[in-house]
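# Tertiary structure, described
Chain by chain, the residues run as shown.
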Amino acid sequence: MNFVALRMLTADRAKYLGLIFAIAFSTFLLQNQTSIFAGIMARTGSQIADVVDADVWVMDPATKYFEETKALKDTDLLRVRGVPGVDYAVRLFKGQPVARTPAGNFSAAIVLGIDDATLVGAPRKMLLGTWERLREPNSIVIDQAGYLLLFPGEPLQLDRTVEMNDHLVRIVGITDASAPFASFPIIHARYTEAVNFLGRERSQMAYVLARPVAGVTPEELTRRIQDATGLKARTTSEFRWDCVQYYLEHTGIPVNFGITIGIALVIGLVVSGQTFYLFTIENLKQFGALKAIGVTNHRLVGMILLQALTAGFVGYALGTGLAATFFEVFSLKIATRGIVLLWQSAVGVAVLMFLVVIAASLLSIRKVLVLEPATVFRG
Amino acid sequence: MTAVPELAVRCAGVEKHFGDGDARVQVLRGVDFTVKPGQLSFLVGPSGCGKTTLISVIAGLLDTTAGSVELFGQNTERLSAENRVLFRRRNLGFVFQQYNLLPSLTAAENAAVPLLAAGLKRRDALDRSRALLVRLGLEKRMDAYPSKLSGGQQQRVALARALVHEPRLIVCDEPTAALDHATGEAVMELLASSAVQPDRAVIVVTHDNRVFHFADTIAHMDDGRITHTSDRPPNSSFSAAHS
Ligand SMILES: Nc1ncnc2c1ncn2[C@@H]1O[C@H](COP(=O)(O)OP(=O)(O)OP(=O)(O)O)[C@@H](O)[C@H]1O
Ligand SMILES: [Mg+2]
């Protein structure tokens with residue numbers, strides 16, 4: 001009877017497509033919105049993740065997330081270095097000066113000043129140039145997106161100059177640093193130079209980056225640093241989650257996405273549920289005939305579930321294909337780089353849509369189960 | 001092979017009402033009705049007298065409120081719900097006034113539905129339904145969808161569906177009402193020749209006195225009771241008398 005069920009499902013091309021479209025649309029919207037949401041949230045900790053040489057971030061207890069920091073005292077670096085289990089600890093400057101090009105373009109930039117001696121804290125992948133050249137005086141490394149923001153439409157090229165707070169600096173490298181939350185250029189410089197890019201503040205040691213000796217876990221080290229110094233210490237992943245948490249709590253982003261996701265869910269449930277239910281109602285006479293002929297309730301439920309799951313599967317596949325295409329296209333754009341269709345989202349939406357079609361078919365199943373087969377004799 | 005039971009259908013004191021209280025409608029008021037194997041039995045009577053209700057009760061699609069129904073010696077109301085469906089699947093064939101074919105299935109597939117419902121492989125089921133459709137004169141229309149078939153052709157497909165699993169009892173509700181005279185005659189002809197076997201019985205509910213001459217017996221029903229039963233009319237004057 002399975003082929004009978006499938007024929008019934010696809011017999012009316014327009015209704016079948018409507019059902020598939022409703023499911024595909026919800027699938028697309030849900031995957032799209034959840035993935036973008038997760039991508040944007042992940043961006044709040046991009047610069048934390050880019051630092052691969054250190055596992056522990058030490059900061060003032062008042063610092064809640066990456067962007068907004070309260071400066072540490074110079075002595076704090078020495079105190080961290082004195083904690084047993086610290087392999088090395090280096091300072092990280094963070095400031096937000098305005099960068100100008102000779103052509104007159106300008107933008108606020110995120111400047112990260114990394115340890116002069118070790119260059120710990122630099123992202124690994126260079127698109128152009130080398131980290132070594134950062135040792136030259138008045139040199140900076142900028143990310144590709146930032147470069148294109150300051151020099152729109154121009155090819156990537158080294159040794160161009162940028163001015164920050166009356167300091168003329170030379171671009172000696174271009175990185176593909178992860179996209180930050182706000183689309184500011186990400187500029188790396190040596191610590192001693194970076195502090196000069198900002199006028200008034202004398203010192204802005206935002207973070208101390210540390211790595212434990214072999215045999216001590218980052219979690220253990222954070223505990224030791226906190227106990228010994230009274231500063232706040234977080235592992236890389238803890239700190240990233242802190243940032244996500246902060247944005248979740250202090251911005252309208254989750255509410256906005258939540259609304260879209262909720263709407264997609266409701267539309268998916270209502271439209272596909274309604275279409276499927278109407279589809280069953282229209283076929284009620286056929287189900288009645290099958291009942292009279294002696295098709296068991298058990299079998300009828302199987303047929304309806306098969307219809308629902310088939311429509312659900314086809315719609316889901318279509319929607320996922322659409323979402324994948326969408327992200328494929330947008331991942332090539334610099335502004336939306338790094339935002340991808342998450343497998344977690346694909347799986348989660350699969351489960352959700354499965355529940356949606358099951359819920360949608362429950363009403364239909366009920367209708368068919370209580371159907372009096374004797375109604376087939378009525379005109 | 002078990003012996004042929006004495007009666008194909010035995011209804012004794014069957015009552016049926018719908019609703020309760022003020023909305024209560026007493027439709028069957030103690031029906032006594034029997035059909036012998038090998039008989040083509042007509043059930044006639046004025047509109048609303050309870051014919052459809054009676055065959056629904058006989059077919060096990062409705063429960064009685066009182067009295068008993070036995071099919072080939074089996075009291076179907078004593079079976080579990082599941083077994084009643086299985087009994088119906090094995091032993092009953094249906095022909096409806098509105099054909100009730102599945103529009104998304106071809107003629108051959110429609111006729112094969114009872115076999116598919118019984119779990120036969122699709123290929124075997126289709127082989128059998130095709131062979132039957134050939135006998136019913138539909139060899140050229142087997143792969144057509146119902147919407148492409150005439151009323152007479154659709155009713156022949158429905159007849160094939162009622163016959164394909166060789167049930168022992170076939171119930172038909174106004175099978176010729178939607179057909180013109182010649183087509184109705186042809187369908188009854190096929191019904192009489194293919195459905196009536198020594199160990200099987202057919203009940204036909206009809207208003208159509210033009211086809212009364214196919215009947216072995218005619219049960220006359222009025223206001224929820226069988227008033228009398230007559231044998232096959234000897235000639236067309238019977239039809240004239242009832243028109
Ligand atoms: N499910 C139901 N609920 C309430 N009343 C019903 C129901 N089914 C039938 N009836 C009533 O029972 C009576 C007999 O109906 P039934 O369909 O058996 O008559 P019939 O002899 O087949 O009539 P017709 O020749 O018009 O088909 C009618 O008055 C009808 O309204
Ligand atoms: Mg009737």
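The rules we used
- Residues numbered from 1 in each chain as written.
- Chains lettered and ligands numbered in written order.
- Predicted model: local features only at pLDDT ≥ 70, side-chain atom pairs only at ≥ 80, totals over all residues.
- Heavy atoms only, no water.
- Helix = DSSP H or I, 4+ residues; strand = E, 2+ residues; numbered from the N terminus.
- Rg over C-alpha atoms; globule rule 2.2 N^0.38 Å.
- Buried < 20%, exposed > 50% of the residue type's maximum accessible area, 1.4 Å probe, protein only.
- Contact = heavy atoms within 4.5 Å.
- Areas by Shrake-Rupley, 256 points an atom, 1.4 Å probe, with all protein chains shown as cover.
- Lys, Arg positive; Asp, Glu negative; His and termini not counted.
- Charge placed at Lys NZ, Arg CZ, Asp CG, Glu CD.
- Axes fitted to C-alpha atoms, helices over the stretch in contact; angles between N-to-C directions.
- Left-handed = near helix turned anticlockwise from the far one by under 90°.
- Nonpolar A, V, L, I, M, F, W, Y, C, P; charged D, E, K, R; others polar.
- Phe/Tyr/Trp six-rings, centres within 6.5 Å; stacked < 30°, edge-to-face > 60°.
- Lys NZ or Arg CZ within 6 Å of the ring centre and 35° of its normal.
- Near = heavy atom within 4 Å.
- Polar contact = N/O pair within 3.5 Å; in protein donor to acceptor, adjacent residues only side chain to side chain.
- Buried area = accessible area lost by both parts, 1.4 Å probe.
- Salt bridge = Lys/Arg side-chain N within 4 Å of Asp/Glu carboxyl O.
- Pairing = 2+ DSSP bridges.
- Domains from an automatic or database assignment.

### Some thoughts on the overall build of chain A
- The number of helices and strands found in chain A is twelve helices and twelve strands.
- Relative to the compact-globule value of 21 Å for 379 residues, chain A shows a C-alpha radius of gyration of 29 Å, a clear excess of over 25%.
- Per-residue burial over chain A gives 50% buried out of 379 residues.
- Across chain A, every contact between residues at least 6 apart in sequence was considered, and the portion connecting residues at least 24 apart equals 78%.
- Per element, the accessible surface of chain A, about 16,700 Å² overall, is 62% carbon and sulfur.
- Taken together, the 35 basic and 31 acidic charged side chains of chain A have centroids lying 10 Å from each other.

### Re the overall build of chain B
- Secondary structure summary: chain B contains seven helices and ten strands in total.
- Its C-alpha atoms give chain B a radius of gyration of 18 Å, within 12% of the compact-globule value 18 Å for 243 residues.
- Overall, the C-alpha framework of chain B stretches about 50 × 45 × 40 Å when taken along its three principal axes.
- By residue count, 55% of the 243 residues in chain B fall in the buried class.
- In chain B, of all internal contacts separated by at least 6 residues, the share reaching a separation of at least 24 is 69%.
- With the model as given, the accessible surface of chain B reaches about 10,400 Å², and the carbon-plus-sulfur share is 47%.
- Charged side chains of chain B number 27 positive and 26 negative; the gap between the two group centres comes to 6 Å.

### Looking at the packing of helix α2 (residues 13–43) of chain A against helix α8 (residues 236–250) of chain A
All names here are of chain A.
- Remark: α2 packs on α8, axes separated minimally by 8 Å, with the N-to-C direction vectors making an angle of 115°. Crossing handedness for the pair α2 and α8: right-handed. Seen from α2, the contacting residues are Phe 37, Met 41 and Ala 42; seen from α8, they are Arg 240, Val 244, Tyr 247 and Leu 248.
- Classifying every residue of the contact of α2 with α8 gives six nonpolar, no polar and one charged.

### Remarks on the packing of aromatic side chains
All names here are of chain A.
- For the coordinates displayed, the defined rule picks out 19 aromatic pairs over all chains.
- Aromatic rings pair up to connect Phe 28, Phe 326, Phe 327 and Phe 330 into one cluster.
- Here the guanidinium or amino end of Arg 100 rests over the ring plane of Phe 106, the centre of that ring lying 5.3 Å away.

### Comments concerning helix α3 (residues 107–117) of chain B
- Within α3 of chain B, eleven of the eleven residues are buried, leaving the element largely enclosed by the surrounding structure.
- By the burial criterion, the buried members of α3 of chain B are Ala 107, Ala 108, Glu 109, Asn 110, Ala 111, Ala 112, Val 113, Pro 114, Leu 115, Leu 116 and Ala 117 of chain B.
- Elements that come into contact with the buried residues of α3 of chain B comprise α1 (2–11), α10 (284–293) and α11 (297–331) of chain A together with α2 (81–91), α4 (122–135) and α5 (151–163) of chain B.
- Gly 119 of chain B occupies a position one or two residues after α3 of chain B and carries a positive phi of about 95°.

### Describing the site of ligand 1
- With respect to spatial proximity, the complete set of residues near ligand 1 consists of Arg 378 of chain A together with Phe 18, Val 27, Ser 47, Gly 48, Cys 49, Gly 50, Lys 51, Thr 52, Thr 53, Glu 174 and His 207 of chain B.
- At the site occupied by ligand 1, the surrounding residues belong to chains A and B.
- At 2.5 Å from an oxygen atom of ligand 1 is found a side-chain nitrogen or oxygen belonging to Ser 47 of chain B.
- Separating an oxygen atom of ligand 1 from a backbone N or O atom of Gly 48 of chain B is a distance of 2.8 Å.
- Computed on the free molecule, ligand 1 has an accessible area of 630 Å², of which 64% lies beneath the protein chains in the complex.
- Per-element accounting of the shell around ligand 1 gives the leading share, three residues, to helix α1 (residues 51–58) of chain B.
- By residue class, the composition of the shell around ligand 1 is three nonpolar, six polar and three charged.

### Quick notes on the environment of Phe 184 of chain A
- Following the sequence through the fold, Phe 184 of chain A ends up in the loop between β9 (167–175) and β10 (186–190).
- Separated by 86 residues in sequence, Phe 184 of chain A and Val 98 of chain A place their C-alpha atoms 10.0 Å apart.

### Section: the interface of chain B and chain A
- Taken together, the contact between chain B and chain A spans 30 residues of the former and 24 residues of the latter.
- Buried surface at the junction of chain B and chain A, summed over both partners, amounts to about 2,400 Å²; 68% is from carbon and sulfur atoms.
- It is Leu 61, Leu 102 and Ser 104 of chain B that lose the most area in chain B upon contact with chain A, and together they represent 20% of the buried surface on that side.
- For the pair chain B and chain A, the number of links is one salt bridge.
- Put simply, Arg 7 of chain A and Glu 109 of chain B hold a salt bridge, and the shortest N to O gap is 2.7 Å.
- Taken together, chain B and chain A are joined by five residue pairs in polar contact (both at pLDDT 80 or more).

### Side note on the pairing of strand β10 (residues 225–231) of chain B
Residues and elements named next belong to chain B.
- One ladder, built from six bridges, connects strand β9 (residues 217–222) with β10; its direction is antiparallel. In the sheet register, Met 221 faces β10, and the bridge partner there is Ile 226.
- Taking the residues between adjacent antiparallel strands as the criterion, β9 and β10 are bridged by two residues, where Asp 223 takes a positive phi near 50°.

### A few points about the domain arrangement of chain A
Residue and element names in this part refer to chain A.
- What the domain assignment lists for chain A is domain 1 (2–43 + 252–377) and domain 2 (73–230).
- Summarising the inter-unit geometry, the C-alpha centres of domain 1 and domain 2 are found 48 Å apart.
- With five residues of domain 1 at the contact, the number on the domain 2 side is nine residues.
- Contact between domain 1 and domain 2 buries roughly 570 Å² in total, counting both sides, with carbon and sulfur atoms accounting for 63%.
- Its largest share of buried area at the contact with domain 2, domain 1 owes to Arg 43, Ile 334 and Arg 337, together 84% of the area lost on that side.
- Scanning the region where domain 1 abuts domain 2 turns up zero salt bridges.
- At the boundary of domain 1 and domain 2, one finds zero residue pairs in polar contact (both at pLDDT 80 or more).
- Partitioning the side of domain 1 that touches domain 2 into residue classes produces three nonpolar, no polar and two charged.

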